[in-house]
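What the coordinates show
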Amino acid sequence: MNSRQAITTEFKLKAGDFGAAGEASSQIKRILQQIGVKAEIARRIAISAYEAEMNVIIHSMGGIMRIEILPDRTDIFVEDDGPGIADVNLAMQEGYSTAPDHIRDMGFGAGMGLPNMARCSDEFEISSEVGVGTKIHMVIRYK
Amino acid sequence: MKLVEVQTVLRSEVLCGWENLDREIVTACGADLMSDVLVYTKERTLLLTGLTNIQVVRTAEVGDLMGIIFVRGKRPGPEVIEMARVKGIPLMLTELSMFDACGILHLKGIRGCSERVTRCEL
């Protein structure tokens, strides 16, 4: 890949579609492996993307995830159609969750998603407006 | 320790992924919370879980896990086994409890994952 090339892919995420949850992250991981991104880095990108996918599918009314694979980093942009997070600082706290029991039964919804995304990325930004939606931007560098 | 040895000591039934039972594991993680699995596990890790849904296989794929043991005889559905088969992730089933299965592996020298993956400070 030369310095100008980028691979951009966009995925539609449907609210409540748990069967498809993880499909986008899995595709991204395959692309990263094919272009020779180190396994540990590809893993962090895939984890960030997977937690983001799960969040949109669990909590929102649907949204999109756009991934830009660049020569030195990968950017993950996630945007959902609401309902938005009233208190982002609270949502970033480990263990804080509004997920119902049936989500917890699947092994998610324990209030670890957003903190995990932040932990796996080199840069993490989140903004949210109640009634509008939530936007997340993550950057994972290869070095 | 190779997965094939894990199969023997945990008296497990192999559900899929025979071709990958020569994989070597270094650590193991016993959990039903997939977010914990994602953030605590490192490479060459085996997952022991009581959950049998499709997210367990996704978590193994995304997190580069070596294989999955379902404890206490919990059998996943055919769609879960099929997805793991396609992705080459070994699935095994043991009648042992989570505690006993983890204990046996620990006695054999397998250790847990206690360090988090950390990059961006919260």
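Residues numbered from 1 in each chain as written. Chains lettered and ligands numbered in written order. Predicted model: local features only at pLDDT ≥ 70, side-chain atom pairs only at ≥ 80, totals over all residues. Heavy atoms only, no water.

This paragraph deals with the sheet that holds strand β4 (residues 123-129) of chain A. All names here are of chain A. Read from one edge to the other, the open sheet built from five strands follows the order β1-β2-β3-β5-β4, with strand pairing classed as antiparallel. Looking along the sheet, the strands with just one partner apiece sit at the ends: β1 (7-13) and β4. Neighbour-to-neighbour, the strand axes of this sheet turn through a mean angle of 10°, independent of strand direction. Note that β1 and strand β2 (residues 63-69) share seven bridges and pair antiparallel. (Pairing = 2+ DSSP bridges. Helix = DSSP H or I, 4+ residues; strand = E, 2+ residues; numbered from the N terminus. Axes fitted to C-alpha atoms, helices over the stretch in contact; angles between N-to-C directions.)

Time to look at the interface of chain B and chain A. Listed per partner, the contact involves 27 residues of chain B and 39 residues of chain A. Counting the surface lost from both chain B and chain A, the interface buries some 2600 Å², and carbon and sulfur atoms represent 51% of this. Here chain B and chain A share three salt bridges between them. Notably, a salt bridge pairs R58 of chain B with E23 of chain A, separated by 2.8 Å at the nearest N-O pair. Where chain B meets chain A, there are 13 residue pairs in polar contact (both at pLDDT 80 or more). Mapped by element, the contributors of at least two residues to the side of chain B that touches chain A are α2 (34-40) and α3 (54-62) of chain B. Looking at the side of chain B that touches chain A element by element, the count peaks at six residues for α3 of chain B. Residues that form the side of chain B that touches chain A fall into these classes: ten nonpolar, seven polar and ten charged. (Contact = heavy atoms within 4.5 Å. Buried area = accessible area lost by both parts, 1.4 Å probe. Salt bridge = Lys/Arg side-chain N within 4 Å of Asp/Glu carboxyl O. Polar contact = N/O pair within 3.5 Å; in protein donor to acceptor, adjacent residues only side chain to side chain. Nonpolar A, V, L, I, M, F, W, Y, C, P; charged D, E, K, R; others polar.)

On to the pattern of salt bridges, then. Here the structure, examined in full by the defined rule, presents 13 salt bridges over all chains. Two residues, R119 of chain A and E94 of chain A, come together in a salt bridge whose shortest N-O distance is 2.0 Å. With R119 of chain A in helix α5 (residues 113-120) and E94 of chain A in the loop between α3 (88-91) and α4 (101-104), this pair connects stretches of sequence that are 25 residues apart. Since its relative accessible area comes to 38%, E94 of chain A is described here as partly exposed. A single salt-bridge network, built from bridges that share partners, covers E23 and R30 of chain A together with R58, E61 and K87 of chain B. (Buried < 20%, exposed > 50% of the residue type's maximum accessible area, 1.4 Å probe, protein only.)

Bringing the nonpolar core into the picture now. With 37 residues, the main nonpolar core has F108 of chain A together with L47 and I68 of chain B as its most contacted residues. Residue assignment for this core shows that the elements contributing at least two residues are α2 (39-59) of chain A together with β1 (13-16), α2, α3, β4 (67-70), α4 (78-87) and β5 (91-93) of chain B. Element by element, the count of residues in this core is highest for α2 of chain A, at six residues. Setting aside chain neighbours within four positions, we find I68 of chain B in contact with L46, L47, T49, V56, V57, A60, I89, P90, L91 and M92 of chain B. Judged by nonpolar contacts, the second largest core, of 28 residues, contains M65, I67, I76 and I136 of chain A. (Core = buried A, V, L, I, M, F, W, Y, C linked by side-chain atoms within 4.5 Å.)

Attention now moves to helix α1 (residues 23-34) of chain A. Here α1 of chain A contains twelve residues, and its C-alpha end-to-end distance of 17 Å stays within 8% of the 16 Å for a straight helix at 1.5 Å per residue. When we look at burial in α1 of chain A, the residues that qualify are A24, S25, S26, I28, K29, I31 and L32 of chain A. Contacts from the buried residues of α1 of chain A go to β1, α2, β2 and β3 (73-80) of chain A together with α3 and α4 of chain B. At the exit of α1 of chain A stands G36 of chain A, carrying a positive phi of roughly 85°. (Expected span 1.5 Å × (residues − 1).)

We now examine the pairing of β4 of chain A. Here seven bridges tie β4 of chain A to strand β5 (residues 133-141) of chain A, and the two strands are oriented antiparallel to one another. When the sheet's bridge partners are listed, E129 of chain A is paired in β5 of chain A with G133 of chain A.

Next up on the list: the packing of α2 of chain A against α5 of chain A. All names here are of chain A. Contact geometry for α2 and α5: axes closest at 9 Å, N-to-C directions at 155°. In this view, α2 runs roughly antiparallel relative to α5, as classed from their interaxial angle. For α2 against α5, the interelement crossing comes out left-handed. Along the contact surface, α2 presents R44, I47, S48, E51, A52 and N55, while α5 presents G113, L114, N116, M117 and C120. Grouping the constituent residues of the contact of α2 with α5 by class yields five nonpolar, four polar and two charged. (Parallel < 35°, antiparallel > 145°, perpendicular 65-115°, else oblique. Left-handed = near helix turned anticlockwise from the far one by under 90°.)

For the rest of this paragraph, the subject is the pairing of β5 of chain A. The element β5 of chain A is extensively covered by neighbouring structure, given that seven of its nine residues are classed as buried. The turn linking β4 of chain A back onto β5 of chain A is made up of three residues, and G131 of chain A within it adopts a positive phi angle of 90°.

The next thing to look at is α2 of chain A. Taking 1.5 Å as the rise per residue, α2 of chain A with 21 residues should run 30 Å; its terminal C-alpha atoms sit 30 Å apart, in good agreement. Where burial is concerned, most of α2 of chain A is hidden: 18 out of the 21 residues are buried.

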